[in-house]
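So the chains spell out like this:
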Amino acid sequence: MEKNRLITRRNFIRQAVAGTATVALTPMTSIIAKAASLTEWPRDAASYKFYMIGNGHIDPVWLWPWHEGVSVTLSTFRSALDRMKETPDFVFTSSSAQFYQWVADNDPQMLGEIRQRIAEGRWSAVGGWWIEPDVNIPSGEALARQGLYGQLTLRRLLGIQATTAFNPDSFGHAGTLPQIFSLQGMKNYVFMRPAVHEKTLPADLFWWESPDGTRVLTYRIPFSYTDEREVNRRIEQILEKRDIQPMKSYMAFYGVGDHGGGPTKLTIQSIEVLKKEKGAPQVFYSTVDRYFNDMRADKTLNLPVVKDDLQFHAVGCYTAESAIKKGNRQSEAALVNAEKITAVGSLVWKAAYPKADFTDAWKKVLFLQFHDSMAGTSLFVHSEDARNGYGHALDTAHNALYLAAQKLEWQIPSEDPESKYIVAINPHAREVNEVIEYELGFFGGSTGATRVEDEKGNSLPHQWVFGASEAGNRRILAVRTAIPAFGYRQLRILPGEPAVINRPVTATAESMENEFLKVTFTPDGALSIFDKVTGKEVFTGSGGGCRAVIMDDPSDTWSHAVKSYTNEIGAFGKASFTLVDNGPMRAMIRVKSLYNDSWLSIDWILYSGSKNLDARVTLNWHEHRKMLKFSFPVNLESPVATIETPFGHIVREPNGDERPGQRWIDMSGKDGGLTVMNDAKYGYDINGNDMHISVARSAVYAHHDPTKLDMNRVYLWMDQGIQTFRLKLIPHSGDWKDAAIPALAEEFLTPPTAVYQGIHPGTMPKADSWMSLDAANVIISSVKLSEEGDDLIIRCVETHGKQTTASLDLRLFDRKWTGSFNPCEIKTLRIDPNSKSIKEVNLLEEE
């Protein structure tokens, strides 16, 4: 009965639109009224309110290139403005500052119309971000920039600031977002994924609380953010679930979407008819802000509180298209590093701070974080555009960084023509004891021996290793030294006797050992690590650690309806071993293994005095419909697995389900643990005590279920060919907090910058420190100049999830600041270089 009634109503509408109705020619509203009259509303329907949200979801890139997205945006906005002329109280909602920038660049008159409609309350700009990004993969700092550049652009172009964050189509939402939204001036949130079948929530309207205690009022869109039909059926669907909801007011979203479009005449007319229908719910055009304001004002509501991330949807997106994933992480880190050095440099040694260039580069990276771009679910042509975009961002960052660094070195004296000099710059707020690498011409006088010393004449352990070229006497100098917190140290290389390494690392073709670790390999190329401190093997079982396993993966690009990849169908093997470096400071063994037409080469590196093991990975991948994972079965009883998230971390169940994460995954127990870091990957799973990093997926570009692949056809497959990335394995006592893993992750992703010095005088000291933090669990995620004016912005983040008091020593200003941090709290400081006043501000750099 119900099915027949719905079919009849749809047929009325379709016939009216097509002009083939079997009734007499009747105005459109009469046809819709007749169709609507077929609805049998529940007896209590009139007591419910529906805030009708007209929108036109725009994917600026997906199954089309970004420049088509510009056209889609303009035409969608034009259509919405035209609908407003036809229906006096119709209201339209749209997000994304990038869209409004495109309007300003292409049609200033249209922008004026939008401003007028905003003033009338009929156009609502929501979201407050540059774009609707993926919100699992971008770093916390990148999400901070989404709001910074997004809200400032909305102010400049529209004269408003968004108060509702808006990511209806993003594929999951990190649990730290409420704090980020709040610090960007947004107190509400709208999302849709994960849907009801993917994530059980106590209600569709709830308070979402982040680890620091911040709450935002949050609404999960029921069913869909698009609807191009008459609206009756969507409202019926929502009412069918009314008994499990605490509220009697809902938002219903309508409008053609994805490739834009917006509300149609048909849907608008169906709302007009429904307004007058007896026994129907109360419906009216609205904005999301009005809905949230009314819900806040309703003191009868007792809404639940959710303290969790909002996952999981389309888990294949954490790994699909490795080049985009690596490009994102490398670009984020490079821009942050360049801003840090040039911002301080502009105040200390008059380096250039190219603010406009940084802003342009950040906006490019933020656009590429759009959810269908960052997820790797777009076309191959977009992947090429993304490669160019990341290249632009990296070039901008590297140019600014190295020009500032070379200006610094020019002011540090390096006067001995018989010596060579390099300057190592540390962008982190604590002293870094690290191996610095720099390639230069090897020399050592008549004996071939070299001495490397710091500014005090202390001899430093070092080793010359093969360089990137086979021309002349070029070699890489690897030297271990401590670099002052957020500062630099000059290193001098001269002929002489090297520092004695009392406990050198030793190696053979298939093993290496220092005072803390002994590393051996299986015939298939996996590794065994014996921890001499604990007297235990790090890994359990005979398979070894970092075993490269192949999982069956016939799913589409998103991996729709997939929770985990557990069907192991093979592994890399038949390994060969090459001893590349054999101490005394560094040993390196190259392990090359095979699987079908693919090969995997890992350079494992162990340093004297180090408790960590480094790896440089090269993968040549030629598989289809398979996933590559690295397996780390940790030798622990009842371990707890933790994964880094944007500006936070989360404990994950060891059930084998695929999970998103940032730079590190850790497994800790009562006997210590193991952290694995990487510089390019975002997909993880934990199955019992076995941690996996998802390395590569070989899906077809933009393959979406239910389309079935014809394996006789030629397709474009993802992740084919060579990719590179780095790993760091950190066995530790205690848990990851005791090992200060978040701070080590900062140092791993952004090692000190080394620059060459010529021979010249100078007036700056040969080592210096400009600022430092005294709490190991607080990091500086950003140092930059303010977007308005030239104040210094410093952002600090608590990373261990505990209440903390931290002091920041600002030696460049001869000032100190002390603050109390809630768990995972973000604090942003704004410092006037003239008055040296320090103010705590939000993520928009305002009090």
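Residues numbered from 1 in each chain as written. Predicted model: local features only at pLDDT ≥ 70, side-chain atom pairs only at ≥ 80, totals over all residues. Heavy atoms only, no water.

Engineer: Looking at this structure, how should I read the overall build of the protein?
Structural biologist: On a plain count of helices and strands, the protein comes out with 15 helices and 45 strands. Across its three principal axes, the protein shows a C-alpha extent of roughly 105 × 65 × 50 Å. Taking all 847 residues of the protein together, the buried fraction comes to 62%. Excluding contacts between residues fewer than 6 apart, the proportion of contacts in the protein whose partners are at least 24 apart in sequence is 72%. With the model as given, the accessible surface of the protein reaches about 31400 Å², and the carbon-plus-sulfur share is 49%. Distance from the positive charge centre (92 side chains) to the negative charge centre (103 side chains) of the protein: 4 Å. (Helix = DSSP H or I, 4+ residues; strand = E, 2+ residues; numbered from the N terminus. Buried < 20%, exposed > 50% of the residue type's maximum accessible area, 1.4 Å probe, protein only. Contact = heavy atoms within 4.5 Å. Areas by Shrake-Rupley, 256 points an atom, 1.4 Å probe, with all protein chains shown as cover. Lys, Arg positive; Asp, Glu negative; His and termini not counted. Charge placed at Lys NZ, Arg CZ, Asp CG, Glu CD.)

Engineer: How do you make sense of the sheet that holds strand β33 (residues 672–678) when you look at a structure like this?
Structural biologist: To summarise the sheet geometry, strands pair through backbone hydrogen bonds and adopt either a parallel or an antiparallel arrangement. A sheet is described by the order of its strands in space; here 9 strands give the open sequence β24-β25-β26-β27-β36-β33-β32-β29-β30, paired in antiparallel fashion. For this open sheet the edge positions go to β24 (573–582) and β30 (648–652), each flanked by a neighbour on one side alone. Strand after strand, the sheet turns through a mean of 20° between neighbouring axes, direction not considered. Here β33 runs beside strand β36 (residues 721–732); their pairing, made up of 6 bridges, is antiparallel. (Pairing = 2+ DSSP bridges. Axes fitted to C-alpha atoms, helices over the stretch in contact; angles between N-to-C directions.)

Engineer: Help me understand the packing of aromatic side chains, please; the structure alone is not making it clear to me.
Structural biologist: The relative placement of two aromatic rings is captured by the distance of their centres and the angle of their planes. Under the defined criterion, the tally for this structure stands at 34 aromatic pairs. When the ring of Phe 77 is compared with that of Phe 92, the centres are 6.3 Å apart and the planes differ by 75°; the resulting orientation is edge-to-face. One end of the pair, Phe 77, is in helix α3 (residues 66–86); the other, Phe 92, is in strand β2 (residues 92–94), and 15 residues separate them in sequence. Neither Phe 77 nor Phe 92 differs from the other in exposure class; each is buried. For the pair Phe 380 and Tyr 701, a centre-to-centre distance of 5.4 Å together with 80° between the ring planes defines the contact as edge-to-face. Taken together, the residues Phe 380 in helix α14 (residues 380–409) and Tyr 701 in the loop between β35 (690–697) and β36 connect sequence positions 321 residues apart. (Phe/Tyr/Trp six-rings, centres within 6.5 Å; stacked < 30°, edge-to-face > 60°.)

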